[in-house]
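Descriptive structure summary
Here is how the chains run, residue by residue.
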Amino acid sequence: MSKIKISDFKDKTINMHCHTTRCRHATGEDREYVEKAIEAGYDVLGFSDHAPFAFEEGYEPKFRIRMKMEEFEGYANSVMQLREEYKDDIEIYLGLEMEYFPKYFDKSMAEIDKYPLDYLILGQHFYDDEAGWISPKRPWSDEEHLVMYVERVLQALDTERFFYVAHPDIMCFTGDVELYDKHMMRIVKELKRRDMPIEVNVNGYRDGLHYPSPRFIELGVANGNDFIIGVDAHDPKELLDFDIYEKCKRLVIEKGGRLINNL
Ligand SMILES: [Zn+2]
Ligand SMILES: [Zn+2]
C-alpha cells in the first residue's frame, strides 16, 4: 500500500511532483526547491525524482533520465534532513516517480524500501525496458501500443504501491478518437475507483507537448474524476511560475472539472 493517500491532504495546497539534479536533467539545489515551494505558498511538497532501478549488473540506462541506485541513499537523506529543518514551514515527503517495468519492479523496490520512502508516483515514460526504451510520448496510431500503455498503467496500479499517476495522458495517440476514448477510459475509471486525482502536468504544458490532453481531461470530467496540478518542477523557479499554473487550472475549470489541493 502507498503510505500516504490523497485524502490525507484535505484542504491543503500540495505539489507532489518535483525533481532534483540526480536525474541529470534538472537544475538547482534540493533546498531551493523547498524554499521556492514555501514562497509559493504550498503546505506540502513531495520530492519525486526519477527512480533508480536494479537493472542487471553493469547496465547503464541510455538516456539522462534517472539517478543510480547508489545515489538513492543520498537523495533520501537530503530530503529527510530538509523535512526536519523546514518542519515549521512546510510538510515534506520522500517520493519517487517510477515506471512500472514488471521485470525490475520488485527487485528495485527491495532496494528502495530499505529507506523510509513515503510514496511513489507512476510515470510510464517507456512501455518496457525490454522493448528498448520505447516512449509512449512519440506519436502512435495503432491500437496495440495504446492497449500496451493502458495495460501497463493498470498493472502498476494493481501493485497497490502508487500514490497517483503522473501525466496519465503521456500516451501520444494520433489514431481514431473512439479507440482512444475506449481504452483511456479504463485508466480514468480505475483512478476514480482508487480515489486518485488525474494529474494535469505543468511541465507538459510548459514544453508545448501533447499533454495535458484536452480529450483526456474531457474523459475525466465526464466520469466525475478529481484533478490535481503537478508542477513536475525540474528547476526551483518553476514552482513560482504562477502564470502557467493558472493556465493549467483553466484547462480543467473551462471543461467543468473539479480541482483539488491547488494554490
Ligand atoms: Zn524529468
Ligand atoms: Zn514524468
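What you see as residue numbers is a count from 1 along each chain, following the sequence as written. For naming, the first written chain is A and the first written ligand is 1, with later ones following in the order written. For this predicted model, a pLDDT threshold of at least 70 governs which residues receive local features, and a threshold of 80 or more governs which side-chain atom pairs are given and counted, while totals over whole chains, interfaces and linings are taken from all residues. Excluded from the side-chain calculation are hydrogens and water; included are all heavy atoms of the structure.

**Digging into the layout of surface pockets**
Counted only if it meets this: Think of a 1 Å grid over just the protein atoms. A cavity is a set of points where a 1.4 Å probe fits yet cannot get out, a pocket is an open set with protein on both sides within 12 Å along at least five of seven lines, and lining residues have an atom within 4 Å of a point. Grid points are joined across faces, edges and corners, and a volume is the space filled by probe spheres set on the points. Think of it as three bins: nonpolar holds Ala, Val, Leu, Ile, Met, Phe, Trp, Tyr, Cys and Pro, charged holds Asp, Glu, Lys and Arg, and polar takes everything else, Gly as well.
Size it by volume and the largest pocket reaches roughly 310 Å³. Lining the largest pocket are 18 residues, and of these His25, His50, His125, Lys137 and Tyr211 lie nearest its centre. For the lining of the largest pocket, the class distribution of residues is four nonpolar, eight polar and six charged.

**Overview of the coordination of the zinc ion (ligand 1)**
Formally: Only nitrogen, oxygen and sulfur atoms qualify as donors, and only when within 2.8 Å of the metal (3.2 Å in the case of Na, K and Ca); with water excluded, sites may look incomplete. Between buried and exposed lies partly exposed: a residue is buried under 20% and exposed over 50% of the maximum accessible area for its type, with that area taken using a 1.4 Å probe on protein chains only.
Only His25 (NE2), His50 (NE2) and His234 (NE2) from the protein reach the zinc ion (ligand 1) as donors, at distances of 2.0 to 2.1 Å. Look at His50 and you get buried, because its relative accessible area is 8%.

**Some points on the pairing of strand β7 (residues 226-230)**
Basically, it comes down to this: Only DSSP runs of H or I with at least four residues qualify as helices, and only runs of E with at least two residues qualify as strands; both kinds are numbered from the N terminus onward. Two strands pair under a simple rule: DSSP has to find at least two bridges between them. Crossovers are described as right-handed under a simple rule: with the strands pointing away from the observer, the path leading from the first strand over the helix to the second runs clockwise.
Judged by how many residues are buried, β7 sits mostly within the fold: four of five residues are covered. The sheet contact formed by strand β6 (residues 198-201) and β7 spans four bridges and is parallel. By the bridge assignment for β7, Glu199 is matched with Ile228. Across two bridges, β7 lies against strand β8 (residues 258-259) in parallel orientation. Note on β8: the bridge partner recorded for Phe227 is Leu259. Running through helix α8 (residues 242-254), the crossover from β7 to the neighbouring parallel element β8 is right-handed.

**Here we look at the pattern of salt bridges**
As a working rule, side chains carrying opposite charge can pair if their charged atoms are close by. The cut-off we apply is this: By convention in these notes, a salt bridge is any Lys or Arg side-chain nitrogen within 4 Å of a carboxyl oxygen on Asp or Glu.
According to the stated counting rule, one finds 26 salt bridges in the structure shown. Residues Arg193 and Glu190 are paired through a salt bridge, measuring 2.9 Å at the closest nitrogen-oxygen approach. Highlighted residues: Arg193 and Glu190, both in helix α5 (residues 177-193), separated by three residues, approximately one helical turn. Taking relative accessible area as the criterion, Arg193 reaches 58% and is therefore assigned exposed. The class of Glu190 is buried, set by a relative accessible area of 15%. Glu238 is the salt-bridge partner of Arg206, the closest N and O atoms lying 3.5 Å from each other. Placement of the pair is Arg206 in helix α6 (residues 202-206) and Glu238 in the loop between β7 and α8, with a sequence separation of 32 residues. Here the salt bridges do not stand alone but share partners, grouping Asp158, Glu160, Glu190, Arg193 and Arg194 into one network.

**A few points about empty space enclosed by the protein**
Summed over the entire model, instances satisfying the criterion amount to one cavity of 30 Å³ or more. Tyr42, Val202, Val231, Glu238, Leu239, Asp241, Phe242, Ile244 and Tyr245 together form the lining of the largest cavity. Top contributing element to the lining of the largest cavity by residue count: α8, with three residues. In terms of residue class, the lining of the largest cavity is made up of seven nonpolar, no polar and two charged.

**So, the coordination of the zinc ion (ligand 2)**
The protein atoms donating to the zinc ion (ligand 2) are Glu97 (OE), His125 (NE2) and His167 (NE2), with metal-donor distances spanning 2.1 to 2.2 Å. The sequence pattern describing where the donors of the zinc ion (ligand 2) fall on their chain is E-x27-H-x41-H. Taken as an interatomic distance, the gap from the zinc ion (ligand 2) to the zinc ion (ligand 1) is 5.4 Å. Of this pair, Glu97 sits in strand β3 (residues 91-98) while His125 sits in the loop between β4 (119-122) and α4 (143-158), placing them 28 residues apart in sequence. His125 carries the same exposure label as Glu97, and that label is buried.

**A few points about the packing of aromatic side chains**
Heads up, the condition is: Each aromatic pair joins two rings of Phe, Tyr and Trp (for Trp, the six-membered one) with centres within 6.5 Å, and gets the label stacked for planes under 30 degrees apart, edge-to-face for over 60, and tilted for any other angle.
Applying the stated criterion to the full structure yields 17 aromatic pairs. Considering the side-chain rings of Phe9 and Tyr93, the 5.5 Å spacing of their centres and the 90° angle between planes classify their relative orientation as edge-to-face. Pair noted here: Phe9 is in the segment before β1 (14-15) and Tyr93 is in strand β3, with a separation of 84 residues, a long-range link. Relative to Trp133, the ring of Phe126 has its centre 4.8 Å away and its plane inclined at 85°; by these criteria the two rings are edge-to-face. We classify Phe126 as buried; its relative accessible area is 8%. Put simply, the rings of Phe53, Phe55, Phe101, Tyr104, Phe126 and Trp133 touch in pairs and so form one group of aromatic residues.

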